[in-house]
Amino acid sequence: MHKNIEFTPYSSKFNFEDGNIKCSINTTMAPDADVEIKKIQIKNNGINDLNLELTTFEDVILSNIRQYNSHPAFDKMFLRFSNIDDKLLIERKGRMPNEKCIFAAKTLFMPDGKFEYEIDKEKIIKRENIDENGNVNLDEIIRNSPQFSSKIDNVINPVIAMRRHLKIKKGEKCDIFYISSAGIEKEDILKNIDMYMNTEKLDRVFELEKNQMKSQIRYMGLTEKDISKYQSMLNEIFRTNQ
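As the structure is a prediction and not an experimental result, all values here were calculated from the model.

(A) Structural detail: the overall build of the protein. Within the protein, the secondary structure is distributed over six helices and 11 strands. Taken over C-alpha atoms, the radius of gyration comes to 20 Å for the protein, in line with the 18 Å a tight globule of 242 residues would show. For the C-alpha atoms alone, the extent of the protein along its principal axes is close to 60 × 50 × 40 Å. Counting every position in the protein, which comprises 242 residues, the buried fraction comes to 33%. Contacts in the protein between residues at least 24 apart in sequence constitute 63% of all its contacts with a sequence separation of at least 6. Of the side chains in the protein, 38 bear a positive and 39 a negative charge, and the two mean positions are spaced by 2 Å.

Here it is, written out as structure tokens:
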């Protein structure tokens, strides 16, 4: 497998190629809303058409690091899930009387096809997929991948897994967009996601963010060397256990 990572002030891009499949994951922030967008582009360089499954998988953390690390299982008890028009909404209830709720919304968007999801980790990673050292056999999970239930239930160990089925003809490519937003206002977050569930707007967002960032850099009189230095400093500032 060949892979490399590209960093710019306005995006990060992960490229890899494995056999006849070439894939890139380009990540940026929307210039006009609190939205993170990942453009996943898969190209079929082979001589045959491909039928693929694209699956995302992540743990859900809507608390600070100290709260989560002190008792992850307890922290997840405050999470509530719902599916609103192919957007997974996660709500973290406040543990204290005056604590505000925190929301996050995520979707795996493409113009057509069925959106599938799973929130129960036990249905994806079964005990037989974990060895005595706690390592997960990812190859086995992929080979025996179960159909996602696409149901909202009360689960002990919640995760967010989303899936799309892709048909890519030889020599062609397919774009899928992973869109997410978070904050304390539920309606604003859903509105942000809805605003970017649009192929034309998604295609323009990377160029818009690039132009906006370049304008800001010129205004502040920064050079590439300055930006690299400040990014290193910010990494140390935000690396905290609080």
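Now that the structure has been shown, we can carry on.
(B) Representation of the pattern of salt bridges in the model. Inspection of every chain in the model, using the stated rule, returns eight salt bridges. A salt bridge links K38 to E36; the nearest nitrogen and oxygen atoms lie 4.0 Å apart. Measuring nitrogen to oxygen at the nearest pair gives 3.5 Å for the salt bridge that ties E58 to K106. Placement of E58 in strand β5 (residues 50–59) and of K106 in strand β8 (residues 102–109) is noted, with a sequence separation of 48 residues between them.

(C) The arrangement of the nonpolar core in detail. Counting 23 residues, the largest nonpolar core has I90, M162, L166 and I176 as the members making the most contacts within it. Put simply, the parts of the chain that give this core at least two residues each are β4 (36–44), β6 (79–83), β7 (88–92), β8, β9 (116–120), β10 (158–168) and β11 (173–183). Looking at this core element by element, the count peaks at four residues for β10. With near-sequence residues (within four places) excluded, M162 lies in contact with L54, T55, T56, L88, K106, T107, L108, F115, E116, Y117, F148 and Y178. Listed in part, the 17 residues of the second largest apolar core include F103, A105, I193 and Y196.

(D) Focus on the sheet that holds strand β2 (residues 12–18). In spatial order, the strands read β1-β2-β3-β4-β11-β8-β7-β6; together these eight strands make up an open sheet with antiparallel pairing. Across the chains shown, the open sheet's two edge strands, defined by having one partner strand only, are β1 (2–7) and β6. The mean angle between the axes of side-by-side strands here comes to 15°, regardless of whether they run parallel or antiparallel. For strand β3 (residues 21–29) and β4, the ladder comprises nine bridges, and the chain directions are antiparallel. Note on β4: the bridge partner recorded for T27 is K38.

(E) The layout of surface pockets, seen in detail. Of the volumes computed, that of the largest pocket is approximately 1,100 Å³. Contributing elements (two or more residues each) for the lining of the largest pocket: β2, β3, β4, β5, α3 (138–143) and β10. For the lining of the largest pocket, the element with the most residues is β5, which contributes six residues. Reported here for the second largest pocket is a volume of approximately 370 Å³. As for the second largest pocket, its lining consists of 19 residues, and the residues nearest its centre are T8, P9, Y10, M213 and Q231. Looking at the lining of the second largest pocket, the elements that each hand over two or more residues are β3, α5 (199–220) and α6 (224–238).

(F) Spotlight on the environment of L190. Note on placement: L190 falls in helix α4 (residues 186–195). Assessed through its relative accessible area of 8%, L190 is described here as buried. For L190, the residues in contact, after removing those within four places along its chain, are I84, K87, L89 and A105.

(G) Highlighting the side chain of N192. Tracing the sequence through the fold places N192 in helix α4. Excluding anything up to four places from it in sequence, N192 contacts A33, D34, V35 and S181.

Cut-off values and rules
Residues numbered from 1 in each chain as written. Predicted model: local features only at pLDDT ≥ 70, side-chain atom pairs only at ≥ 80, totals over all residues. Heavy atoms only, no water. Helix = DSSP H or I, 4+ residues; strand = E, 2+ residues; numbered from the N terminus. Rg over C-alpha atoms; globule rule 2.2 N^0.38 Å. Buried < 20%, exposed > 50% of the residue type's maximum accessible area, 1.4 Å probe, protein only. Contact = heavy atoms within 4.5 Å. Lys, Arg positive; Asp, Glu negative; His and termini not counted. Charge placed at Lys NZ, Arg CZ, Asp CG, Glu CD. Salt bridge = Lys/Arg side-chain N within 4 Å of Asp/Glu carboxyl O. Core = buried A, V, L, I, M, F, W, Y, C linked by side-chain atoms within 4.5 Å. Pairing = 2+ DSSP bridges. Axes fitted to C-alpha atoms, helices over the stretch in contact; angles between N-to-C directions. 1 Å grid on protein atoms, 1.4 Å probe; cavity = no way out; pocket = protein on both sides within 12 Å on 5 of 7 lines; lining within 4 Å. Points joined across faces, edges and corners; volume = space filled by probe spheres on them.

That is the geometry; function is a separate question.
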